[in-house]
Amino acid sequence: MTGNRQRGVTLVELMVTVAIVAVIAGIAIPLYNGYIREARLSAARANVEPLRLALEDYWLDNATYITGVWVPGGSQTLETGALGWKPDGDEDKFNYSVTAANGGNIVNSYTISVTHRDLPSDPVNFTKTP
């Protein structure tokens, strides 16, 4: 009787397949997360440059730097104040803050900090020093 035997997947074959899929996932998921992080940081860096230029224009007019924040759905003093800056193309996923620092009697340096709303502990900072 050779025709009545059912063929199927053995437990060992199934375990080997699951192990191979687990190894592939263990390699692919961290790489994917790294690509996502780099894309977010790239978007943040792209918005820092227009903000930096707006700060330098403000300096030329007022001989000081302005301090402010831009938070989606929250405080937006960088837009509503004298600077008039708003981020472009970041889909409201970043918080921006500018902190000005005194050097003697005048404010001559600043730090721009950009954080993704989902990754608040991983900011992108740009510091201008005299």
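What counts as what
- Residues numbered from 1 in each chain as written.
- Predicted model: local features only at pLDDT ≥ 70, side-chain atom pairs only at ≥ 80, totals over all residues.
- Heavy atoms only, no water.
- Helix = DSSP H or I, 4+ residues; strand = E, 2+ residues; numbered from the N terminus.
- Rg over C-alpha atoms; globule rule 2.2 N^0.38 Å.
- Contact = heavy atoms within 4.5 Å.
- Core = buried A, V, L, I, M, F, W, Y, C linked by side-chain atoms within 4.5 Å.
- Buried < 20%, exposed > 50% of the residue type's maximum accessible area, 1.4 Å probe, protein only.
- Phe/Tyr/Trp six-rings, centres within 6.5 Å; stacked < 30°, edge-to-face > 60°.
- Expected span 1.5 Å × (residues − 1).

Asks: Which residues make up the overall build of the protein, and what values go with them?
Replies: Within the protein, the regular secondary structure consists of 2 helices and 4 strands. Along the protein, helices and strands appear, N-terminal first, in the series α-β-α-β-β-β. In terms of overall dimensions, the protein is more spread out than a globule: its C-alpha atoms have a radius of gyration of 26 Å, far above the 14 Å expected for 130 residues. Along the three orthogonal principal directions, the C-alpha set of the protein runs to about 100 × 25 × 20 Å. Across the protein, every contact between residues at least 6 apart in sequence was considered, and the portion connecting residues at least 24 apart equals 45%.

Asks: I'd like a rundown of the nonpolar core, residues and numbers included.
Replies: Among the nonpolar cores identified, the biggest contains 21 residues, and L51, L55, L78, L83, W85, I112 and V114 are the most heavily contacted of them. Secondary structure elements with two or more residues in this core: α1 (11–62), β2 (94–103) and β3 (106–116). Element by element, the count of residues in this core is highest for α1, at 7 residues.

Asks: Hey, could you go over the packing of aromatic side chains for me, with residue numbers and the actual values?
Replies: Within the structure shown, the criterion is met by 6 aromatic pairs. Measuring from centroid to centroid gives 6.4 Å for F94 and Y96, while their planes differ by 50 degrees, and the two rings are tilted. Grouping residues by exposure puts F94 and Y96 together as buried. Aromatic side chains Y110 and F126 sit 6.4 Å apart centroid to centroid with 40 degrees between the ring planes, which places their arrangement in the tilted category.

Asks: Now, about unusual backbone geometry: what can you tell me, with residues and values included?
Replies: Of note, the phi angle at A63 is positive, near 55 degrees, even though the residue is not glycine. Structurally, the position occupied by A63 is in the loop between α1 and β1 (68–70). Given the relative accessible area of 44%, A63 is considered partly exposed.

Asks: Can you lay out α1 for me, pointing to particular residues and giving the numbers?
Replies: The end-to-end C-alpha separation of α1 is 75 Å, in line with the 76 Å expected for 52 residues at 1.5 Å each. One or two steps after α1, the chain reaches A63, where phi turns positive at roughly 55 degrees.

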